[in-house]
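This is what each chain is made of:
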Amino acid sequence: MPSLRFKLLGGVIIGLLAVIVSLTMLLGRSHRVAAPRSEPGPAVAALDSAAPRTDTAPATAPARPSRSRGQSDWTFFFRVGDTLTRMSDGTALGVVVRLERTHPFPDGVGPAYVVRSQDQREVVFDADALERSARIDAIREIARPPLATPAR
């Protein structure tokens, strides 16, 4: 049978361990690291080239590779009828006209969004690049007939 001295020592050690673990959980630093900022993708760069540029510095950062290239089962985030704006400055991009599962791009085939701008031009965007750089400004709801109520 353990003596009282060993019971006290064991209780103190367990108590200290509990305090250390709880302080570590409450005050410990998070292991999350912020992702480094990257340059906009090729679709956004194409839009930027259409807009007048105020700086004359050439773009030296390499384009970020698209995660959607070669994906035939890409899950589209935006729907037809969504009005999109650019996240960086709020510029209106247009309305999503259609979704294409496979569209030929210069660096491969991949899913794409076809967006009609306010001046009625249709622009094709890489799905991954557009989803990373645009947000939904307005959603066009499709009118559905009301559910029929059962006759009494």
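Described below are features of the structure shown in this document. Source: prediction; values computed, not measured.

So, how was this worked out
- Residues numbered from 1 in each chain as written.
- Predicted model: local features only at pLDDT ≥ 70, side-chain atom pairs only at ≥ 80, totals over all residues.
- Heavy atoms only, no water.
- Core = buried A, V, L, I, M, F, W, Y, C linked by side-chain atoms within 4.5 Å.
- Buried < 20%, exposed > 50% of the residue type's maximum accessible area, 1.4 Å probe, protein only.
- Helix = DSSP H or I, 4+ residues; strand = E, 2+ residues; numbered from the N terminus.
- Contact = heavy atoms within 4.5 Å.
- Polar contact = N/O pair within 3.5 Å; in protein donor to acceptor, adjacent residues only side chain to side chain.
- Pairing = 2+ DSSP bridges.
- Expected span 1.5 Å × (residues − 1).
- Axes fitted to C-alpha atoms, helices over the stretch in contact; angles between N-to-C directions.
- Phe/Tyr/Trp six-rings, centres within 6.5 Å; stacked < 30°, edge-to-face > 60°.
- Salt bridge = Lys/Arg side-chain N within 4 Å of Asp/Glu carboxyl O.

## A closer look at the nonpolar core
Within the largest apolar cluster, 12 residues are counted, these being Trp-74, Phe-76, Phe-78, Leu-84, Leu-93, Val-96, Tyr-113, Val-115, Phe-125, Ala-127, Leu-130 and Ala-134. Looking at this core, the elements that each hand over two or more residues are strand 2 (92-105), strand 3 (108-116) and helix 3 (127-133). Not counting chain neighbours up to four residues away, the residues in contact with Trp-74 comprise Arg-67, Ser-68, Arg-101, Pro-111, Ala-127, Asp-128 and Glu-131.

## Focus on the side chain of Glu-100
Tracing the backbone through its elements, the reader meets Glu-100 in strand 2. Of note is the side chain of Glu-100, whose polar atom sits 2.7 Å from the side chain of His-103. Glu-100 has contacts with Phe-76, Gly-110, Pro-111, Ala-112 and Val-114, leaving out every residue within four places of it along the chain.

## A few points about unusual backbone geometry
Positive phi outside glycine occurs at Gln-120, with the angle close to 70°. Mapped onto the elements, Gln-120 comes out in the loop between strand 3 and strand 4 (122-126). Overall, the relative accessible area of 58% leaves Gln-120 in the exposed class.

## Observations concerning the pairing of strand 1 (residues 83-86)
Where strand 1 lies against strand 2, three bridges are found, and the strand directions are antiparallel. Bridged to Thr-83 within strand 2 is Val-95. The turn joining strand 1 and strand 2, which pair antiparallel and follow one another in sequence, is formed by five residues; a positive phi near 80° is taken by Gly-90. With four bridges connecting them, strand 1 and strand 5 (residues 134-138) associate as antiparallel partners. Within the sheet, the bridge partner assigned to Thr-85 lies in strand 5 and is Arg-135.

## Thoughts on helix 1 (residues 4-27)
With 24 residues, helix 1 extends 34 Å from end C-alpha to end C-alpha; this agrees with the ideal 34 Å at 1.5 Å per step. Across the 24 residues of helix 1, zero count as buried, placing the element largely on the outside.

## Some words on the sheet that holds strand 1
Taken in spatial order, the five strands make up an open sheet running 4-3-2-1-5, and their pairing is antiparallel. Each edge of the sheet is formed by a strand with only one pairing partner; in this case those strands are strand 4 and strand 5. Direction aside, neighbouring strands of the sheet carry axes that sit 50° apart on average.

## Side note on the packing of aromatic side chains
Note on aromatic pairs: each is described by the distance of the centres and the angle between the planes. Evaluated as defined, the whole model comprises three aromatic pairs. Between the aromatic rings of Phe-77 and Phe-78, the centroid separation amounts to 5.2 Å while the plane-to-plane angle is 70°, which identifies the pairing as edge-to-face. Ring pairing ties together the aromatic residues Phe-76, Phe-77, Phe-78 and Tyr-113, which thus form one cluster.

## Structural notes on the pattern of salt bridges
Any two side chains of opposite charge can pair, so long as their charged atoms come close to each other. Per the counting criterion, the structure on display carries six salt bridges. With a closest N to O distance of 3.6 Å, Asp-89 and Arg-86 form a salt bridge. Here Arg-86 falls in the buried class, since its relative accessible area comes to 7%. Measuring nitrogen to oxygen at the nearest pair gives 3.5 Å for the salt bridge that ties Glu-122 to Arg-98. Of the two residues, Glu-122 is situated in strand 4 and Arg-98 in strand 2; the sequence distance between them amounts to 24 residues. Since its relative accessible area comes to 37%, Arg-98 is described here as partly exposed. Within this structure, Arg-98, Glu-100, Arg-116 and Glu-122 form a network of salt bridges that share partners.

Just geometry here; none of it tells us what the structure is for.
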